[in-house]
Amino acid sequence: MQIIKSLLLFTVIISSGLLFGCVAQPEIGLNKDSNQQIINTKAVDTSYPGLTRVIASDQLIGYIAVVNPKIGKKGIFTKAQITVQNLTENRYEVEYQYQWEDASGFSVGTPRPWKRFVLGPKQAKNFSEMALQQEAAKTIFTVRLVDDTFIELNKQKSD
């Protein structure tokens, strides 16, 4: 009977170790240029007031980070800045877009066009943008792979 209890306890311990070992932990890296510690962001990160960060391609999650959000006023217009950092030794061709909203969360104007860029191994790039309308108070910054399926879905909807 004691052997069965010990075996059952051992099985529970091993199972819980495997279960907790599968829980995703955030990756931590260093920005090479400033030695600033960064933490890999989620697919959608709303932790910074006024600036939502979105990684819209599953293949980029865990491989790039969207960090160092900043938003503020420049005169009567709102300005935002974000850093996109490659955490890997891979090269990515990606694109980004800012979408502006008023203080209540309603769209202000049309979304800006997608802008392509290349992100080399361990490289970080800053992207700033100024709102074109003074009602704009917050923004959504989205980054995705150039050949993402969202592009194909949008093409199919417009055809």
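Reading the values: rules and limits
Residues numbered from 1 in each chain as written. Predicted model: local features only at pLDDT ≥ 70, side-chain atom pairs only at ≥ 80, totals over all residues. Heavy atoms only, no water. Helix = DSSP H or I, 4+ residues; strand = E, 2+ residues; numbered from the N terminus. Contact = heavy atoms within 4.5 Å. Areas by Shrake-Rupley, 256 points an atom, 1.4 Å probe, with all protein chains shown as cover. Core = buried A, V, L, I, M, F, W, Y, C linked by side-chain atoms within 4.5 Å. Buried < 20%, exposed > 50% of the residue type's maximum accessible area, 1.4 Å probe, protein only. Pairing = 2+ DSSP bridges. Axes fitted to C-alpha atoms, helices over the stretch in contact; angles between N-to-C directions. pLDDT = per-residue confidence, 0-100. Phe/Tyr/Trp six-rings, centres within 6.5 Å; stacked < 30°, edge-to-face > 60°. Lys NZ or Arg CZ within 6 Å of the ring centre and 35° of its normal. Salt bridge = Lys/Arg side-chain N within 4 Å of Asp/Glu carboxyl O.

Further remarks concern the overall build of the protein chain. Looking only at helices and strands, one finds 2 helices and 10 strands in the protein chain. In sequence order, the secondary structure elements of the protein chain are arranged as α-β-β-β-β-β-β-β-β-β-β-α. Considering only contacts in the protein chain between residues 6 or more positions apart, those separated by 24 or more positions represent 61%. When the accessible surface of the protein chain is split by element, carbon and sulfur atoms take 58% of a total near 10300 Å².

Our next topic: the nonpolar core. I64, Y98, F117, F127, F141 and V143 are the most contacted members of the largest nonpolar core, which totals 22 residues. At the level of secondary structure, the elements contributing two or more residues to this core comprise β4 (51-55), β5 (64-74), β6 (77-86), β7 (92-101), β8 (115-119) and β10 (138-145). For this core, the element with the most residues is β7, which contributes 5 residues.

Strand pairing within a sheet occurs via backbone hydrogen bonds; the two strands may be parallel or antiparallel. Strand order across the open sheet formed by 3 strands is β5-β6-β9, with antiparallel pairing between neighbours. Each edge of the open sheet is held by one strand with a lone partner, namely β5 and β9 (124-130). Between one strand and the next, the sheet's axes are offset by a mean angle of 15°, whatever the strand orientation. Across 9 bridges, the pairing between β5 and β6 is antiparallel. The residue bridging I71 from the neighbouring strand is A80, located in β6.

Here the protein chain shows a mean pLDDT of 78. Residues at 70 or above account for 66%. Long-range and interchain partners of residues 4-41, a stretch whose pLDDT sits below 50, account for 37 contacts in this model, where long-range means more than four residues apart.

If you walk through the whole model with that rule in mind, you get 8 aromatic pairs. On the numbers, 5.0 Å between centres and 65° between planes, the contact of Y98 with F141 is edge-to-face. On the criterion of sequence distance, the pair formed by Y98 in strand β7 and F141 in strand β10 is long-range, its members being 43 residues apart. Accessibility classification places Y98 together with F141 in one group, the buried group. Just above the ring of W114 sits the side chain of R144; from NZ or CZ to the centre is 3.6 Å.

Below, the discussion takes up the pattern of salt bridges. Opposite charge on two side chains permits pairing when their charged atoms draw close. Under the defined criterion, the tally for this structure stands at 6 salt bridges. Between E95 and R116 there is a salt bridge, with the nearest N and O atoms lying 3.7 Å from each other. With E95 in strand β7 and R116 in strand β8, the pair connects residues that are 21 residues apart, well separated along the chain. Linking K115 and E129 is a salt bridge whose minimum nitrogen-to-oxygen distance equals 3.6 Å. Pair noted here: K115 is in strand β8 and E129 is in strand β9, with a separation of 14 residues, a long-range link. A residue is classified by how much of its surface remains accessible, and E129, at 5% relative accessible area, is buried. It is possible to trace a salt-bridge network through shared partners that takes in E93, E95, R116 and R144.

All right, on to unusual backbone geometry then. As a rule of thumb, non-glycine residues mostly have phi less than zero, and peptide bonds are mostly trans rather than cis. Despite not being glycine, N68 shows a phi value in the positive range, around 55°. Residue position: N68 is located in strand β5.

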